[in-house]
Amino acid sequence: DVMTGFPFNVRWPRLIGVKLTGTLSGWSAPKDVILKVADILTVKGGTGAIVEYFGPGANSISCTGKATICNMGAEIGATTSVFAYDDAMARYLKSTGREAIADAANQVADDLRADDEVFANPEKYFDQVIEINLSTLAPLINGPHTPDLARPVSKMGADAQLNGWPLEVSSALIGSCTNSSYEDITRAASIARQASAHGITAKTPLLITPGSEQVRATIERDGLLADFEKIGATVLANACGPCIGQWQRDDMAEGTPNSIVTSYNRNFPQRNDGYKSTFAFVTSPDTVVAMALAGRLDFDPATDSLTAPDGTEVRFTAPVGEELP
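Described below are features of the structure shown in this document.

Conventions used here
Residues numbered from 1 in each chain as written. Predicted model: local features only at pLDDT ≥ 70, side-chain atom pairs only at ≥ 80, totals over all residues. Heavy atoms only, no water. Helix = DSSP H or I, 4+ residues; strand = E, 2+ residues; numbered from the N terminus. Rg over C-alpha atoms; globule rule 2.2 N^0.38 Å. Buried < 20%, exposed > 50% of the residue type's maximum accessible area, 1.4 Å probe, protein only. Contact = heavy atoms within 4.5 Å. Areas by Shrake-Rupley, 256 points an atom, 1.4 Å probe, with all protein chains shown as cover. Lys, Arg positive; Asp, Glu negative; His and termini not counted. Charge placed at Lys NZ, Arg CZ, Asp CG, Glu CD. Pairing = 2+ DSSP bridges. Core = buried A, V, L, I, M, F, W, Y, C linked by side-chain atoms within 4.5 Å. Salt bridge = Lys/Arg side-chain N within 4 Å of Asp/Glu carboxyl O. Phe/Tyr/Trp six-rings, centres within 6.5 Å; stacked < 30°, edge-to-face > 60°.

**Comments concerning the overall build of the protein chain**
Part 1 of the reasoning: Scanning the protein chain from N- to C-terminus turns up ten helices and 13 strands.
Part 2 of the reasoning: A globule of 325 residues ought to have a C-alpha radius of gyration of about 20 Å, and the protein chain, at 20 Å, matches this closely.
Part 3 of the reasoning: Along the first, second and third principal axes, the C-alpha set of the protein chain runs to 70 × 40 × 40 Å.
Part 4 of the reasoning: Evaluated residue by residue, the protein chain yields a buried proportion of 50% over its 325 residues.
Part 5 of the reasoning: Considering only residue pairs separated by 6 or more positions, the protein chain has 75% of its internal contacts joining residues 24 or more positions apart.
Part 6 of the reasoning: A total of about 14,800 Å² of accessible surface is found on the protein chain, and carbon and sulfur atoms cover 52% of it.
Part 7 of the reasoning: The distance from the centre of the 26 positive side-chain charges to the centre of the 39 negative ones in the protein chain is 3 Å.

Here it is, written out as structure tokens:
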């Protein structure tokens, strides 16, 4: 069009503001923020819109946690998702050898955030404003077949029974581009260490997909891969892997109803293993590991316990992660 003298038209996007207050704690993770946004906006609610996260709660989330939230913005149809530049981003840039970029950004930091009047009166500047209190946000698990079908992890068992979804978890998967940061892996590994200390291993195949060679090398160096292997996990190649269907399942055939839990972003039918008969549920890496250890969808790690080989009842403490190596 432009080469022939006509204008190139682009639809002007709407602005959706997500005000975050409070602080994540316990089993709640950055993943739960976008799972909650998907619950509120549905898979179509962000179509033709820029989603901007702001508020005091936004500053409490790590840079890679923000990336997880923005990564899944596509699942609500958003044109793009954005957080303001802050200290967490500066720490990430410096930790990954990009201190010069952090220094440059710090010099214009005020221009990389909304103006004060936007924070004071967001309804005046956004077409839609939703508010999420991170302090009361419960761990969520969404699916199957769509990323906006949400419920608290504590209600998953009842939902599965009501809908006839298999309670037994046939496979558990964490990693890919969406949730394989150092913080994600350290939080998940903290659960694995608790389990192995009591001789508990995964009841179902647990597959770990590092998001990059740097992530893989770093978590191997720091002993995190060994933590997963002690509970029976398998580490896959640094690739999209089962997240985009690169998964040849040998444990079952098409037509067998089964449930899988992942920390990926997409869970429509046939996405992960090519099977229409697979029910895929999306949750945080922490919850994926806990459900792999239990082998069931009706396990709530915040309240339930597992029986160790010596007969003792083990209740996991909430995951603990490290923001950066």
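**Some words on the pairing of strand β7 (residues 169-175)**
Part 1 of the reasoning: A large share of β7 lies buried, amounting to seven of its seven residues.
Part 2 of the reasoning: Both β7 and strand β10 (residues 258-262) contribute to a ladder of four bridges, which runs parallel. Bridged to S171 within β10 is I260.

**Some words on the nonpolar core**
Part 1 of the reasoning: By size, the foremost hydrophobic cluster in this structure holds 44 residues, and its most contacted members are L206, F228, V261, L293, L297 and F316.
Part 2 of the reasoning: Secondary structure elements with two or more residues in this core: α6 (156-163), β7, α7 (182-197), β8 (206-209), α8 (213-221), α9 (224-230), β11 (278-282) and α10 (285-294).
Part 3 of the reasoning: If you look at the next biggest cluster of nonpolar residues, it comprises 32 residues, including V33, L35, I76 and V282.

**Some remarks on the pattern of salt bridges**
Part 1 of the reasoning: Across all of its chains, the model carries 14 salt bridges by this definition.
Part 2 of the reasoning: Where R216 meets E220, a salt bridge forms, and the shortest distance between an N and an O atom there is 2.8 Å. Separated by four residues within a single helix, R216 and E220 lie in helix α8, roughly one turn from each other.
Part 3 of the reasoning: The partly exposed category is assigned to R216, whose relative accessible area is 21%.

**Concerning the packing of aromatic side chains**
Part 1 of the reasoning: What the rule picks out here adds up to four aromatic pairs.
Part 2 of the reasoning: Geometrically, the ring pair formed by W165 and F281 is edge-to-face, given 5.5 Å between the ring centres and 65° between the ring planes. Separated by 116 residues along the polypeptide, W165 in the loop between α6 and β7 and F281 in strand β11 bring together distant segments of the chain. As far as burial versus exposure is concerned, W165 and F281 are alike and both buried.
Part 3 of the reasoning: Ring pairs connect the aromatic residues F54, F119 and F126, which therefore count as one cluster.

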